[in-house]
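Listed here are the chains, written in short residue letters.
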Amino acid sequence: MIRNHYETVKNSLNGAELCIVTKYRNTEEILSYYAEGERIFAENHAQELLAKAPLLPADIRWQFIGHLQRNKVRSILPYVSCIQSLDSLELAKVIEKEAARIGKTVSVLAEFHLAEEDENKTGLLKEDALSFFAEVMKYEHLDLCGIMVMGPHTEDSERICSVFREGKALFDELQNTYGSDRIRILSMGMSSDYPLALSCGSTMVRIGTYLFQE
Ligand SMILES: *Cc1c(COP(=O)(O)O)cnc(C)c1O
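The numbers attached to residues start from 1 for each chain and follow its sequence in the written order. Whole-chain, interface and lining totals are the exception, using all residues; otherwise, since this is a predicted model, local features are given only for residues with pLDDT of at least 70 and side-chain atom pairs are given and counted only at 80 or more. With hydrogens and water set aside, each side-chain value is computed from the structure's full complement of heavy atoms.

**Comments concerning the pairing of strand β1 (residues 17–21)**
Then, number 1: Residue exposure (1.4 Å probe, protein chains only): buried if accessible area is under 20% of the type maximum, exposed if over 50%, otherwise partly exposed. Secondary structure counts use DSSP, requiring at least four H or I residues in a row for a helix and at least two E residues in a row for a strand, with both numbered from the N terminus. Buried residues dominate β1, accounting for 4 of its 5 residues.
Then, number 2: Here the rule is simple: two strands pair whenever DSSP picks up at least two bridges between them. Direction of pairing for β1 relative to strand β8 (residues 204–207): parallel, over a ladder of 4 bridges. Opposite Ile 20, over in β8, you have Ile 207 as the bridge partner.
Then, number 3: Pairing of β1 with strand β2 (residues 40–43), which is carried by 2 bridges, proceeds in the parallel orientation. Bridge pairing in β2 places Val 21 opposite Ala 42.
Then, number 4: A clockwise course of the path from the first strand over the helix to the second, judged with the strands pointing away from the viewer, identifies a crossover as right-handed. Taken together, β1, helix α2 (residues 27–34) and β2 constitute a β-α-β crossover, and its handedness is right-handed.

Shown next as structure tokens:
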């Protein structure tokens, strides 16, 4: 682990949760953060999650953050505590069916595509938010507890902030509709933009590179 980067991140959180993104990292690197007390780790590929999770402590709350194919749901479900990349009703239906089959309730976040300039990104459209939530809230084995947003791929911090503010406004609207007991997580911010995300009200940042690279 990189002590000074870790301390910088920890000192900036101000109550938000840290989700450590461990893609490309080995178990030893992951355990260095586990030893500090971190328990929320994330992978974006099913294969990598399946290779690592069984070798690591069972109290890790694994987050799945990549595009999830429906045929991978069954294999990853026993390991994940939250799927942050829920981006279609079809996927929600498959997760519900598989979660019911193994008697598990899994947290999910709806992933929104708010950075219009990043064309080939996945995610729901803001216009569809309320109908999507109304539908997915019906599923008994899914705890739909928030949203995940990616900042636009640009250096322009004004533009990044405007997307994060849109994410925060959507989060507030969902909290007003469903209550803050139910809607708890606004997952926003990565290595390059987490301070901006936190200043816009993010409740969880997903950081990889900065915590593992000099
Ligand atoms: C890789 C990844 C991150 C972390 O990115 P870094 O730039 O390494 O901090 C966050 N969210 C998602 C969805 C990712 O795929």
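Having put the structure on the table, let's press on.
**Structural notes on the nonpolar core**
Across soluble globular proteins, nonpolar side chains have a tendency to be buried as a group.
Then, number 1: Of all hydrophobic cores here, the largest spans 63 residues; its most connected members are Leu 18, Ile 95, Phe 112, Phe 133, Ile 147 and Leu 211.
Then, number 2: Whether two residues are in contact is decided by their heavy atoms: any pair within 4.5 Å suffices. If near-sequence neighbours (up to four positions away) are discounted, Ile 147 is found in contact with Leu 109, Ala 110, Phe 112, Phe 133, Gly 167, Leu 170, Phe 171, Leu 174, Ile 185, Leu 186 and Ser 187.
Then, number 3: Core analysis: the second largest hydrophobic core is formed by 11 residues, Cys 19, Val 21, Ile 40 and Cys 82 among them. By convention a nonpolar core is built from buried Ala, Val, Leu, Ile, Met, Phe, Trp, Tyr and Cys residues, the set being connected through side-chain atoms within 4.5 Å.

**Some thoughts on the side chain of His 5**
Then, number 1: Mapped onto the elements, His 5 comes out in helix α1 (residues 3–12).
Then, number 2: Once residues lying within four places of it in the same chain are set aside, the contact partners of His 5 are Tyr 210, Leu 211, Gln 213 and Glu 214.

**Quick notes on the site of the ligand**
Then, number 1: Here, proximity means that at least one heavy atom of the residue falls within 4 Å of the molecule or strand. The ligand sits among Val 21, Lys 23, Asn 44, Ile 65, Met 150, Met 190, Ser 191, Arg 206, Ile 207, Gly 208 and Thr 209.
Then, number 2: Lys 23 is positioned with one of its side-chain polar atoms (N or O) 2.8 Å from an oxygen atom of the ligand.
Then, number 3: Pairs of N or O atoms are called polar contacts if they sit within 3.5 Å, as long as, within protein, a hydrogen donor faces a hydrogen acceptor (for residues adjacent in sequence, only side-chain-to-side-chain pairs). In this structure, Thr 209 approaches the ligand through a side-chain N or O atom, which is 2.4 Å from an oxygen atom.
Then, number 4: When the ligand sits alone it has 380 Å² of accessible area, and the protein chains cover 87% of it.
Then, number 5: Comparing atom positions with the cavity grids shows the ligand to sit within the largest pocket. The Shrake-Rupley method, run with a 1.4 Å probe sphere, supplies the accessible areas, and residue values consider only the shown protein chains as cover. Both site types are read off a 1 Å grid over the protein atoms alone. A 1.4 Å probe that fits but cannot get out defines a cavity, while an open set with protein on both sides within 12 Å along at least five of seven lines defines a pocket; lining residues have an atom within 4 Å of a point. Pocket occupancy is defined atom-wise: a molecule lies in a cavity or pocket when more than half of its atoms are within 2 Å of its grid points.

**Brief notes about the pairing of strand β7 (residues 185–188)**
Then, number 1: Across the two faces of β7 the burial is the same, with Ile 185 and Ser 187 and Leu 186 and Met 188 all buried.
Then, number 2: One ladder, built from 4 bridges, connects strand β6 (residues 142–149) with β7; its direction is parallel. Bridge pairing in β7 places Gly 146 opposite Ile 185.
Then, number 3: In this fold, the crossover linking β6 to β7 by way of helix α7 (residues 157–178) has right-handed handedness.

**Section: the pattern of salt bridges**
Then, number 1: Any carboxyl oxygen of Asp or Glu within 4 Å of a side-chain nitrogen of Lys or Arg constitutes a salt bridge here. Summed over all chains, the structure comprises 18 salt bridges.
Then, number 2: Among the ionic pairs, Glu 98 bridges to Arg 101, the shortest N-O distance being 2.9 Å. Here the residue Glu 98 and the residue Arg 101 both occupy positions in helix α5 (residues 89–102), the gap between them amounting to 3 residues, near one helical turn.
Then, number 3: A salt bridge links Arg 159 to Glu 117; the nearest nitrogen and oxygen atoms lie 2.7 Å apart. One end of the pair, Arg 159, is in helix α7; the other, Glu 117, is in the loop between β5 (106–112) and α6 (129–136), and 42 residues separate them in sequence.
Then, number 4: Of the residues examined, Glu 117 reaches a relative accessible area of 37% and is grouped as partly exposed.
Then, number 5: In this structure, a network of salt bridges that share partners links the residues Arg 3, Glu 7 and Glu 36.

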